[in-house]
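# Residue-level structure breakdown
Below are the chains, spelled out letter by letter.
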Amino acid sequence: MPALSPLAPARFPELPPIVGVRLAACEAGVRYKGRADLMLAELTPGSTVAGVFTQSQTPGQPVIWCRQCLPHGKIRAIVVNSGNANVFTGRAGWQVAENTAAAAARLFDCVPHEVYIASTGVIGEPPPADVIAAALPKAVGGLAPDNWEQAARAIMTTDTFPKGATATAAIGGVTVRINGFCKGSGMIAPNMATMLGYIFTDASLPQAVLQPMLVAASERSFNSMTVAAATSTSDTVLLCATQQARHVPISSLDDPRLVEFRRALDSVTVDLAQQLARDGEGAEKFVTIEVTGAESEGAARRIGLSIGNSPLVKTALSAGDPNWGRIVMAVGKAGEKADRDRLSISIGGFRIAAEGGPVPNYDEAPVAEYMKGREITIGVDLGIGQGKATVWTCDLTHGYIDINASYRS
């Protein structure tokens, strides 16, 4: 297990139970020894689900399975293993996916397409046949409504800490809760989802409302965060609603009673996305990139991600070097409209460059001192429009190389 990230929160947050959700974690022996590597979530009958998945053209077998399940709209169980991604594993890997869903369906007396599965770990190694399915009865025996941290830990790979978040909202005067947890440390780049993430609520919402809300929330959070510019083959985020809250029926995405719920969902997804950046492999600095004045919101996000994905920018951040020329380079290569003479750049609130060059009497010393800190903010204003976006990333250190060079050993 890698050393705890210096950017880790003090502790895993307290996630209160959600009516209709029980979780368990156990050791199945997929790859790791002496630790839980299987997560099981049970949802009450009638629960609805939304999902976003990787846009990789080489997705894993579990992603393909979940995509086929999503049109049915209902969910009874989630099964996730760590240590093996079940990607590029052919017929044998697909059989494991089918067998896992079928075994869980028998245990929960439901149809297989109400069982969602995910796998994370090494790519290209066929998963051990039936090991996951064989461990499910043991996991069922450990189901409890307060096992949030145990579930979050079971799905970790190179993560150094479990990631969770919670929020509440009112729908028509009735309080509902949203809990979420996720995993991810490397092979993270925004493309619909960015890792494995599971969000639960007791709200009574149909899939037709959940799905567009999850897509929008993911765009503002998971798709606005990057660690390694490497879109995973296994990315999955699910939003599950147990229908247990007794609020007024909601059938339209435009219902004004959803305003507070949307805000709470954004709060949870942004919190989780920021924790992913804070746990980037080898990360020592958490970086916020604020882009304003772009042609559109999408353009602002793409420019921010171009900066956040640049190895030259990220290594300069690691070294505490305010090399703003690399930021200019990243803006220019983003492929979005930019005007050299309108562009301005700041680091930590210190204005560095504007109107086509460095600001008059620029003093690098206070900027370099600021960049010694753990948290850095970069500001970029294009000066050509109203588009704005915030992107989160981390620095690139030698620790990233060490972790990934020994990943399979």
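See the structure above.
Structural notes, computed from the coordinates. (Residues numbered from 1 in each chain as written. Predicted model: local features only at pLDDT ≥ 70, side-chain atom pairs only at ≥ 80, totals over all residues. Heavy atoms only, no water.)

## Let's talk about the overall build of the protein chain
Secondary structure summary: the protein chain contains eleven helices and 15 strands in total. For the protein chain, whose C-alpha radius of gyration is 22 Å, the value lies close to the compact-globule estimate of 22 Å for 409 residues. Principal-axis analysis of the C-alpha atoms places the extent of the protein chain at approximately 70 × 55 × 35 Å. Of all 409 residues assigned to the protein chain, the portion counted as buried reaches 55%. Partitioning the contacts of the protein chain with sequence separation of at least 6, the portion at a separation of at least 24 is 81%. On the protein chain, roughly 16,100 Å² of surface is accessible, and the fraction owed to carbon and sulfur atoms is 51%. A gap of 3 Å separates the mean positions of the 35 positive and 38 negative side-chain charges of the protein chain. (Helix = DSSP H or I, 4+ residues; strand = E, 2+ residues; numbered from the N terminus. Rg over C-alpha atoms; globule rule 2.2 N^0.38 Å. Buried < 20%, exposed > 50% of the residue type's maximum accessible area, 1.4 Å probe, protein only. Contact = heavy atoms within 4.5 Å. Areas by Shrake-Rupley, 256 points an atom, 1.4 Å probe, with all protein chains shown as cover. Lys, Arg positive; Asp, Glu negative; His and termini not counted. Charge placed at Lys NZ, Arg CZ, Asp CG, Glu CD.)

## Overview of the sheet that holds strand S14 (residues 375-381)
Taken in spatial order, the six strands line up as S13-S12-S11-S14-S10-S15 in an open sheet, and their pairing is mixed. Every other strand in the sheet has two partners, leaving strand S13 (357-358) and strand S15 (387-394) as the edge strands with one partner each. One ladder, built from seven bridges, connects strand S10 (residues 286-294) with S14; its direction is parallel. By the bridge assignment, Glu-290 is partnered in S14 with Gly-379. Helix H7 (residues 297-308) rests against S10, S14 and S15 of the sheet, and its axis sits at about 25° to S15. Strands strand S11 (344-347), strand S12 (350-354), S13 and S14 of the sheet are contacted by helix H9 (residues 324-332), whose axis makes an angle of about 130° with S11. (Pairing = 2+ DSSP bridges. Axes fitted to C-alpha atoms, helices over the stretch in contact; angles between N-to-C directions.)

## Points about the sheet that holds strand S5 (residues 115-122)
Read across the sheet, four strands follow the order S1-S2-S4-S5 without closing on themselves; strand pairing throughout is mixed. Pairing within the sheet leaves two strands with one partner each, and these edge strands are strand S1 (21-26) and S5. On average, each strand axis in the sheet is tilted by 10° relative to the strand beside it, whichever way the strands run. Pairing of strand S2 (residues 38-43) with strand S4 (residues 77-84), which is carried by five bridges, proceeds in the antiparallel orientation. Among the inter-strand pairings, Met-39 is bridged to a residue of S4, identified as Val-80.

## Digging into the packing of aromatic side chains
Within this structure, the stated rule accounts for five aromatic pairs. For the pair Trp-65 and Trp-94, a centre-to-centre distance of 6.0 Å together with 55° between the ring planes defines the contact as tilted. With Trp-65 in helix H1 (residues 61-69) and Trp-94 in helix H2 (residues 90-108), this residue pair connects regions lying 29 residues apart in the sequence. The class for Trp-65 is buried, based on a relative accessible area of 10%. Taken together, a centroid distance of 5.9 Å and an interplanar angle of 50° make the contact between Phe-181 and Tyr-198 tilted. You can see Phe-181 sitting in strand S7 (residues 174-183) and its partner Tyr-198 sitting in strand S8 (residues 196-201), a full 17 residues away along the chain. (Phe/Tyr/Trp six-rings, centres within 6.5 Å; stacked < 30°, edge-to-face > 60°.)

Geometric values such as these leave the question of function open.
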